[in-house]
Every structure is written in C-alpha cells, then in structure tokens.
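Architecture and fold: a report
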Amino acid sequence: MFLIKYHAVCFSALVAALLLGATGCAPSDSDSSGLYQVSNATIRTPIPGRAVTAGYFNFKNNSDESVTIVGVSSDIASRIEMHTIKNIGEQMRMRPLPEAIVDAGAEVAFASGGHHLMLFDTQLVGSSSILNIELANGVIVEAPFQHTQLIDTDEE
Ligand SMILES: [Cu+2]
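Residues numbered from 1 in each chain as written. Predicted model: local features only at pLDDT ≥ 70, side-chain atom pairs only at ≥ 80, totals over all residues.

Before going further, it helps to examine the overall build of the chain. Scanning the chain from terminus to terminus reveals two helices and 10 strands. N-terminal to C-terminal, the α/β element order of the chain is α-α-β-β-β-β-β-β-β-β-β-β. Evaluated residue by residue, the chain yields a buried proportion of 19% over its 156 residues. (Helix = DSSP H or I, 4+ residues; strand = E, 2+ residues; numbered from the N terminus. Buried ≥ 20, exposed ≤ 12 C-beta atoms within 10 Å, placed from the backbone.)

Grouped together as the largest cluster of nonpolar side chains are 21 residues, with contacts concentrated most on Val72, Leu117 and Ile133. The set of elements that each furnish at least two residues to this core consists of strand E1 (36-44), strand E2 (53-61), strand E3 (67-73), strand E4 (79-88), strand E8 (116-120), strand E9 (128-135) and strand E10 (140-148). The contacts of isoleucine 133, once residues within four sequence positions are left out, are Val38, Phe59, Ile69, Val72, Ile140, Val141 and Ala143. (Core = buried A, V, L, I, M, F, W, Y, C linked by C-beta atoms within 7 Å. Contact = placed C-beta atoms within 7 Å.)

When pLDDT is averaged along the chain, the result is 82, and 74% of the positions lie at 70 or above. Ignoring residues within four places in sequence, the model shows residues 1-30, a span with pLDDT below 50, making nine contacts including any to other chains. (pLDDT = per-residue confidence, 0-100.)

Here E4 pairs with E8 via five bridges, running antiparallel. Considered in E8, the bridge of arginine 79 is made with phenylalanine 120. When E4 meets strand E5 (residues 91-96), the two strands line up antiparallel, connected through six bridges. By the bridge assignment for E5, lysine 86 is matched with arginine 93. Count of turn residues in the E4/E5 antiparallel hairpin: two residues, of which glycine 89 carries a positive phi of about 65 degrees. (Pairing = 2+ DSSP bridges.)

The subject of this paragraph is the environment of arginine 79. Along the chain, the position of arginine 79 falls in strand E4. The spatial distance from the C-alpha of arginine 79 to the C-alpha of threonine 122 is 8.5 Å, given a sequence separation of 43 residues.

So, in structure tokens, the structure goes:
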C-alpha cells in the first residue's frame with residue numbers, strides 16, 4: 001500500500017512540475033492561437049488487469065500549410081504508438097503509422113476501426129489526461145483526453 005501511495009504522490013508532483021514548466025516556456029503555443037484544433041479526444045480505461053489501451057482524437061489543421069503528426073507522448077504511458085488498421089486479405093490488422101499528414105484546412109480522425117493510438121503501461125488518474133501531439137514543424141499541441149469506459153472488442 002505504501003508503495004502505491006508514494007507512487008501516486010510522485011506522479012502528481014511530476015505533473016505539476018511539467019505544467020509549470022510548460023507555462024513558463026511556451027508563451028503563446030499554437031494550440032491557443034487556433035491553428036490546430038483537437039476534438040473528440042478520448043482514452044479508453046484499460047480492461048482490468050491490462051495496461052495497454054487505445055486513444056482517439058480528431059485533428060483539424062486551420063493553417064494554410066500541411067502539417068505532419070509525427071508522434072504522441074504523455075506521462076501517463078511508457079510509450080504511445082500511432083497505428084492504423086489495414087485489410088490484409090480478409091483480416092483487419094494493426095500496423096504502425098509512422099506519421100499522419102494533415103493537409104491545410106483538413107481534418108484527420110483517429111477513430112475506432114482506423115488510425116488510433118496505442119498506449120502502453122498506461123496509468124490513468126482522474127477523468128482526463130493531457131497528451132502531447134508532436135508535429136514535424138516542431139509544434140507540440142497539448143490536448144486533454146477524456147477517459148472513457150467504452151470497451152470495443154473488435155480491436156483485440
Ligand atoms: Cu493498435
């Protein structure tokens with residue numbers, strides 16, 4: 001019990017430090033300027049006994065240049081991978097998605113049955129978590145992802 005509690009305290013302190021750090025060194029990040037909008041952002045609460053889960057979001061590019069999503073990171077998972085689902089023969093298979101290009105004015109959906117995030121060693125606290133969506137142009141879009149209970153078995 002002691003270890004678990006200690007770990008939770010540690011985690012909150014780390015989040016606080018990162019939030020303070022972020023406000024300190026990002027005077028006007030592009031996500032507050034409205035260039036890039038993240039919506040429908042959710043993370044599934046992992047199935048009991050598991051720490052791997054999926055995340056979804058829509059990314060709208062309001063700028064006049066295409067952008068490329070090159071990765072997603074967060075403190076809540078040891079690793080986050082972008083995946084896509086492809087039909088191979090009659091089978092739906094997950095494949096790593098190295099990057100996702102979002103054309104100027106376009107919106108890309110990471111949604112059940114298509115592109116999605118896979119989170120490994122996930123530890124969710126509270127009702128939402130911040131994920132950092134990293135763009136090839138160096139911008140990092142911080143977005144809150146709501147935790148959902150929905151369990152969709154067709155990806156397992
Ligand atoms: Cu996957």
